[in-house]
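Now for the letters of each chain:
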Amino acid sequence: MASKKETKITAEPGRQEFFITREFDAPRELVFKAFTDPELLKQWYGCRDFAMKFDKYVPGEGGSYRYIHTDPSGNDYAFHGVIHEVTAPERIIQTFEFEGLPERGHVVMETIMFEPLPGGRTKLTGQSVFRSVADRDGMLKSGVERGASESHERLDELLAAGF
């Protein structure tokens, strides 16, 4: 039986974090692979009408990444981070920073957990911790809900196709 597909963002007032949760009808090993393989990431990560390319992707602990999303008008949005932990297929811990802010240093610490569920399904829980409540609120206002929801819909399609 298929689960109800809904990406949920939980952000408590006054806290420097938010959580993103979603269930997938696929084993956690496959969901985890889709989060750690750059060729797969390019196919689902980001808003549906944006293109994605990697400038750099060095997987594993101590690795790093830099990618660019391009919107339909040709505007580029670059992001980068450092990978702190990869425990397959359970957890990824990494930083995330948007390069379009007027000053550097607005780094987010992300922990992504992959929990096995009955029936070969997976629960994804992502925790993003920000430098300040203002940074967190800025991210919430930037369209993260659309980006997360559309990304997860695209990931569902990729998983259903058996990538």
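Relevant structure appears above.
Not measured: the values here are computed from a predicted model.

*Asks:* Tell me what's going on with the pairing of strand β3 (residues 51–58), and back it up with residues and numbers.
*Replies:* Summarising the sheet, β3 and strand β4 (residues 64–70) pair through seven bridges and their orientation is antiparallel. When the sheet's bridge partners are listed, Met52 is paired in β4 with His69. With antiparallel pairing between neighbouring strands as the criterion, β3 and β4 make up a hairpin whose turn holds five residues, including Gly60 at a positive phi of roughly 90 degrees.

*Asks:* If you had to explain the nonpolar core to someone new, which residues and values would you point to?
*Replies:* By size, the foremost hydrophobic cluster in this structure holds 30 residues, and its most contacted members are Val31, Phe35, Phe114 and Leu155. If we ignore the near neighbours within four places in the chain, the residues touching Leu155 are Phe24, Val31, Ala34, Phe35 and Trp44.

*Asks:* Explain the layout of surface pockets to me, using residue names and the numbers behind them.
*Replies:* By volume, the largest pocket is sized at about 1,200 Å³. Tyr45, Tyr67, Phe96, Met139 and Val144 are the residues nearest the centre of the largest pocket, which is lined by 50 residues in total. Tallied by class, the residues present in the lining of the largest pocket amount to 30 nonpolar, 17 polar and three charged.

*Asks:* Could you give an account of the sheet that holds strand β6 (residues 91–98), naming the residues involved and the relevant values?
*Replies:* Within the open sheet, the eight strands sit side by side as β1-β2-β8-β7-β6-β5-β4-β3. Their pairing is antiparallel. The sheet is open, and its two borders are formed by β1 (8–10) and β3, each paired with just one other strand. Pairwise comparison of adjacent strand axes, ignoring direction, gives a mean angle of 20 degrees for this sheet. When strand β7 (residues 108–117) meets strand β8 (residues 121–129), the two strands line up antiparallel, connected through nine bridges. By the bridge assignment, Pro116 is partnered in β8 with Thr122. With respect to the sheet, helix α3 (residues 133–141) is in contact with β1, β2 (17–24), β6 and β7, its orientation differing from that of β2 by roughly 40 degrees. Contacts from helix α4 (residues 144–160) reach β1, β2 and β8, with the element oriented near 25 degrees to β2.

Rules behind the numbers
- Residue numbers here run from 1 along each chain, matching the order of that chain's written sequence.
- The model is predicted, so local features are restricted to residues of pLDDT at least 70 and side-chain atom pairs to those at 80 or more, both for listing and for counting; the totals for chains, interfaces and linings are taken over all residues.
- To obtain the side-chain values, all non-hydrogen atoms of the structure were used and water was disregarded.
- When DSSP finds two or more bridges between two strands, those strands count as paired.
- Going along the chain from the N terminus, every DSSP run of H or I of four or more residues is numbered as a helix, and every run of E of two or more is numbered as a strand.
- Among buried residues, those of type Ala, Val, Leu, Ile, Met, Phe, Trp, Tyr and Cys that are joined through side-chain atoms within 4.5 Å constitute a nonpolar core.
- Partly exposed residues are those whose accessible area sits between 20% and 50% of the maximum for their type, while under 20% is buried and over 50% is exposed, using a 1.4 Å probe and protein chains only.
- It only takes one pair of heavy atoms within 4.5 Å for two residues to be counted as in contact.
- Cavity and pocket criteria rest on a 1 Å grid covering protein atoms alone: a 1.4 Å probe that fits but cannot get out defines a cavity, protein on both sides within 12 Å along at least 5 of 7 lines defines an open pocket, and an atom within 4 Å of a point defines a lining residue.
- Grid points are joined across faces, edges and corners, and a volume is the space filled by probe spheres set on the points.
- Gly is placed with the polar residues, together with every amino acid not listed as nonpolar (Ala, Val, Leu, Ile, Met, Phe, Trp, Tyr, Cys and Pro) or charged (Asp, Glu, Lys and Arg).
- To obtain an axis, a line is fitted to C-alpha atoms, over the contacting stretch when the element is a helix, and the angle between two such axes runs from 0 to 180 degrees between their N-to-C directions.

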